Amino acid sequence: MATWSNFNLQNSASPLMEQIIFFHDHTLIILIMITILVGYLMINLFFNKYINRFLLEGQMIELIWTIIPTITLIFIALPSLRLLYLLDELNNPLITLKSIGHQWYWSYEYSDFNNVEFDSYMINYDKTSNNNNFRLLDVDNRIILPMNNQIRIMVTATDVIHSWTIPSLGVKIDANPGRLNQTNLFINRPGIFFGQCSEICGANHSFMPIMIESISIKNFINWINNYS
Ligand code: CUA
């Protein structure tokens, strides 16, 4: 989860988020190289006295400074495209979670299991008492999901556009009224993972967190069997 002065991306808890971080670092390196090169050239321009009254064109240098950025862009575009298709791939999901956005809470349905469904509201953080809630991130009913399993996520909304976003799992998908969007996730460790709505959806936009509890498949089956 995000903590104070956390400037980077959150640690990944899924293979896809790992790939997203790799791509981010790769692109950032290219960006730094360009910034250094251009910065060096600009500083040099300020501190020299080269003047050429008859300079109108330079075919060769124009060719070079067209080709080199083109190749640089290809080095970003191809991994980007690869990532885009990887994120879209559904690999035989074990279960499906349907997530519905409302003003201002999420509700969830496990349609594979005799319609297990519940609402998930943010719970109040009271710093005077000694409860161990996560401020603005804790909910009354968590999403329970089995780790090391491919999970399909269906996302929709009932009123306005919301966005179901979990940074550590690399999931960010809009919840539109009248549409059903699909994505997938794979959690590779147990734990709790947090997300927030990330589509400006009204006055309490900040107060509809998402909380996933990732457990072993054995405990998940136990939970779903005893769900009342
Ligand atoms: Cu729902 Cu912002």
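Scoring rules and cut-offs
- Residues numbered from 1 in each chain as written.
- Predicted model: local features only at pLDDT ≥ 70, side-chain atom pairs only at ≥ 80, totals over all residues.
- Heavy atoms only, no water.
- Core = buried A, V, L, I, M, F, W, Y, C linked by side-chain atoms within 4.5 Å.
- Buried < 20%, exposed > 50% of the residue type's maximum accessible area, 1.4 Å probe, protein only.
- Helix = DSSP H or I, 4+ residues; strand = E, 2+ residues; numbered from the N terminus.
- Contact = heavy atoms within 4.5 Å.
- Pairing = 2+ DSSP bridges.
- Axes fitted to C-alpha atoms, helices over the stretch in contact; angles between N-to-C directions.
- UniProt positions renumbered as here; feature names shortened; annotations may be inferred.

A. The nonpolar core, seen in detail. Ranked by internal contacts, the top residues of the largest apolar core, which has 32 residues, are Tyr110, Ile143, Leu145, Trp164, Leu185 and Ile212. With four residues, the top contributor of residues to this core is strand β5 (residues 150-157). Once residues lying within four places of it in the same chain are set aside, the contact partners of leucine 145 are Ile95, Leu97, Tyr110, Ile151, Leu185, Ile187, Ile212, Glu213, Ser214, Ile215 and Phe220.

B. Focus on the sheet that holds β5. Pairing is mixed in the open sheet, where five strands are placed in the order β3-β2-β1-β5-β8. The sheet is open, and its two borders are formed by β3 (116-120) and β8 (181-186), each paired with just one other strand. Between one strand axis and the next, the sheet turns through 25 degrees on average, direction left out of account.

C. Structural detail: the sheet that holds strand β6 (residues 162-166). The mixed open sheet is built from five strands, whose spatial order is β4-β10-β9-β6-β7. Edge strands, defined here as strands with exactly one partner in the open sheet, are β4 (143-146) and β7 (171-175). Adjacent strand axes in the sheet meet at a mean angle of 25 degrees when their direction is disregarded. Pairing analysis gives five bridges linking β6 to β7, with the strands arranged antiparallel. Looking at the pairing, isoleucine 166 lines up with valine 171 of β7. Against the sheet, helix α3 (residues 217-225) engages β4 and β10 (210-215), with an angle of about 135 degrees to β4.

D. Looking closely at the UniProt feature "transmembrane region" (unreviewed entry) in the protein chain. The positions that UniProt labels "transmembrane region" (unreviewed entry) are, in the present scheme, residues 20-43 and 63-87. Taken end to end, residues 20-43 has its terminal C-alpha atoms 34 Å apart, with 100% of it in helix and 0% in strand.

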